[in-house]
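# Summary of structural features
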Amino acid sequence: MIFIPKQVVTALTMLSEAGFESYIVGGCVRDQLLNRTPNDYDITTNALPEQTQEIFREFKCINVGAQHGTVAVIIDKMQIEITTYRIDGEYNDNRHPDSVTFSSKIQDDLSRRDFTVNAMACSKDGDIVDCFNGKSDLENRIIRCVGEPDKRFGEDALRIMRAVRFASQLDFEIEPETEKYLFSLKDTLKHISAERLRVELDKLLCGKAVFRVLLKYHEIIEVFIPEISRIIDFDRQGMHSHSLWENTAGSVEKAPINPVIRLTMLIHDISEPECFSTDKKQEDNFENHQLLGAQTAERILKRLKYDNKTIKSVTTLIKYHHIKLKTRQDIKKLLSKTGPEMFRLLMDVQKIDMLSENSGDSSYTNDISWAEKTAEDILNKHECLSIKELEINGNQLMNEGYTGAAIGKLLNSMLEEVLEDRLENSYDSLIEYAEKSKNH
């Protein structure tokens with residue numbers, strides 16, 4: 001039984017009472033049949049846009065694309081997109097139709113959709129229109145293009161990435177003919193905006209079948225992240241039981257379902273091949289790969305138009321993902337650099353990385369558990385981790401005769417000494433340190 005929210009039922013009823021056909025369509029039908037909660041509900045109808053606007057004249061209507069047949073209607077704070085049945089014209093930019101022709105047949109509208117599982121419609125009474133055996137493909141866990149795959153992908157190249165994303169999210173297999181054109185037309189993804197690719201990548205990485213999908217469809221991701229090509233077949237010369245890419249895919253799968261951590265695990269070892277040396281002892285074979293990796297990651301994420309917060313988080317996690325924390329002072333210094341939230345994420349990254357590298361041997365996580373407990377103890381005791389937490393400030397140092405840049409330099413020096421536990425964070429100790437520094 002498909003559940004339809006009351007706001008959507010209201011819209012379907014109003015269209016029906018005005019003499020028009022109407023159905024919920026696409027992802028909301030697919031998700032209901034999979035017992036998943038839809039993110040939103042779209043309606044398709046044979047009412048023309050101006051007729052839709054007239055029917056819902058008492059409601060707020062937003063013209064989100066009337067030239068393509070879409071009107072958004074807000075009912076009880078819920079925005080519902082209502083689109084006229086249509087037939088798409090030519091796609092000359094590999095993304096959008098140059099024109100659309102409105103149709104009176106639901107079959108025409110379903111035939112232009114990407115995959116069979118997304119090409120089903122459902123009436124308010126629960127009757128399903130399924131012209132392309134989408135329900136059967138759902139039951140058999142298959143992603144299959146509607147009609148000819150080369151035509152579907154040729155119309156909109158983003159569908160290539162969507163197919164791979166759905167395979168990961170739903171743990172479905174991609175049907176062979178669809179898969180064939182997925183690979184042969186993959187380079188058309190270069191016509192797609194970075195923002196669109198980024199959204200699909202994040203969803204793919206958070207899918208339950210991400211390990212299998214990354215191993216099988218890495219060539220698709222290489223189109224817009226070519227830097228991963230060098231780690232796909234990289235031979236670590238027997239140092240580890242898995243290839244570098246297999247280890248990468250495994251670490252993504254083991255990560256919490258958090259886009260920042262999963263994105264970090266995808267590219268955390270991106271610079272290992274560049275830094276590999278057989279002249280080093282085994283634990284140093286990839287010396288400084290984390291620093292170079294952070295720089296490479298920043299270039300990749302900027303190219304994909306990630307927001308500044310995500311870029312900073314991922315590059316920080318990559319920069320410190322191999323850091324060795326041996327003393328309480330080490331932990332205080334890292335907390336000072338990263339802050340508590342990022343430190344906790346970093347511990348997650350280190351655990352995932354160690355478990356992936358060492359076949360799940362939990363003994364490798366003992367040091368990390370100690371570091372986590374020590375960090376929480378430091379935070380619970382409100383130990384000084386930043387300049388603003390010092391028991392002295394710039395104004396007080398001005399009263400002692402310090403001026404300009406000398407104040408900042410002294411405060412940084414004080415913080416370093418406090419983090420190393422060589423100086424007590426009390427006004428008396430800090431002012432004494434200041435006086436000694438002045439004399440030197």
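First, a word on what this report is: a plain description of the structure on this page. Just so you know, these numbers come straight off a predicted model, no measurement behind them. (Residues numbered from 1 in each chain as written. Predicted model: local features only at pLDDT ≥ 70, side-chain atom pairs only at ≥ 80, totals over all residues. Heavy atoms only, no water.)

### Focus: the sheet that holds strand 8 (residues 120-122)
How we decide: Note: two strands are recorded as paired if DSSP finds a minimum of 2 bridges between them. Per the convention used, a helix needs a DSSP run of H or I reaching at least four residues, while a strand needs a run of E reaching at least two, with both numbered from the N terminus. The axes used here are C-alpha line fits, helices contributing only the stretch in contact, and every angle between their N-to-C directions lies in the interval 0 to 180 degrees. Any two residues whose heavy atoms approach within 4.5 Å are treated as being in contact.
Strand order in this open sheet of seven strands is 3-4-5-2-1-8-9, and the pairing throughout is mixed. Whereas interior strands pair on both sides, the edge strands pair on one side only; in this sheet they are strand 3 (60-65) and strand 9 (128-130). Direction aside, the axes of adjacent strands within the sheet are offset by 30 degrees on average. In terms of strand pairing, strand 3 meets strand 4 (residues 70-75) through four bridges, oriented antiparallel. Paired with K60 across the two strands is I74, which belongs to strand 4. Helix 1 (residues 6-17) contacts strand 1 (22-25), strand 2 (42-45), strand 4 and strand 5 (78-84) of the sheet and is inclined by roughly 35 degrees relative to strand 5.

### Quick look at the nonpolar core
Defined as follows: Here the nonpolar core consists of buried residues drawn from Ala, Val, Leu, Ile, Met, Phe, Trp, Tyr and Cys, with membership extended through side-chain atoms lying within 4.5 Å. Exposed residues in this analysis have more than 50% of their type's maximum accessible area, buried residues have under 20%, and partly exposed residues fall in between, with area computed by a 1.4 Å probe over protein chains only.
Grouped together as the largest cluster of nonpolar side chains are 118 residues, with contacts concentrated most on I24, L201, L214 and M414. In terms of residue count, helix 7 (residues 158-170) provides more of this core than any other element does, eight residues in total. In this structure L214 touches L204, L205, I221, W245, A249, V252 and L266, once residues within four positions along its chain are discounted.

### What about the packing of aromatic side chains?
Selection criterion: Here a Phe, Tyr or Trp ring, Trp counted by its six-membered ring, pairs with any other such ring whose centre lies within 6.5 Å, and the pair is stacked when the planes are under 30 degrees apart, edge-to-face when over 60, and tilted otherwise. The criterion for a charge sitting over a ring is simple: Lys NZ or Arg CZ within 6 Å of the ring centre, and within 35 degrees of the ring normal.
The final tally for this structure, using the stated rule, is three aromatic pairs. The residue whose ring lies beneath R165 is F166, and the NZ or CZ to ring-centre distance is 4.3 Å. The ring of Y306 is capped by R198, whose NZ or CZ atom sits 5.8 Å from the centre of that ring.

### A closer look at helix 16 (residues 289-303)
The condition that has to hold: One less than the residue count of a helix, multiplied by 1.5 Å, gives the span that helix is expected to have.
Between its terminal C-alpha atoms helix 16 stretches 21 Å, which fits the 21 Å expected from 15 residues at 1.5 Å a residue. Phi turns positive, to about 65 degrees, at K305, one or two residues after helix 16.

### A word on the side chain of T188
Note the cut-off: Pairs of N or O atoms within 3.5 Å make up the polar contacts considered here, provided that, within protein, one atom can donate a hydrogen while the other can accept it, and that residues adjacent in sequence are counted only when both atoms are side-chain atoms.
Residue placement: T188 occurs in the loop between helix 8 (176-184) and helix 9 (194-205). At 2.6 Å, the side chain of T188 and the backbone oxygen of L185 are in polar contact.

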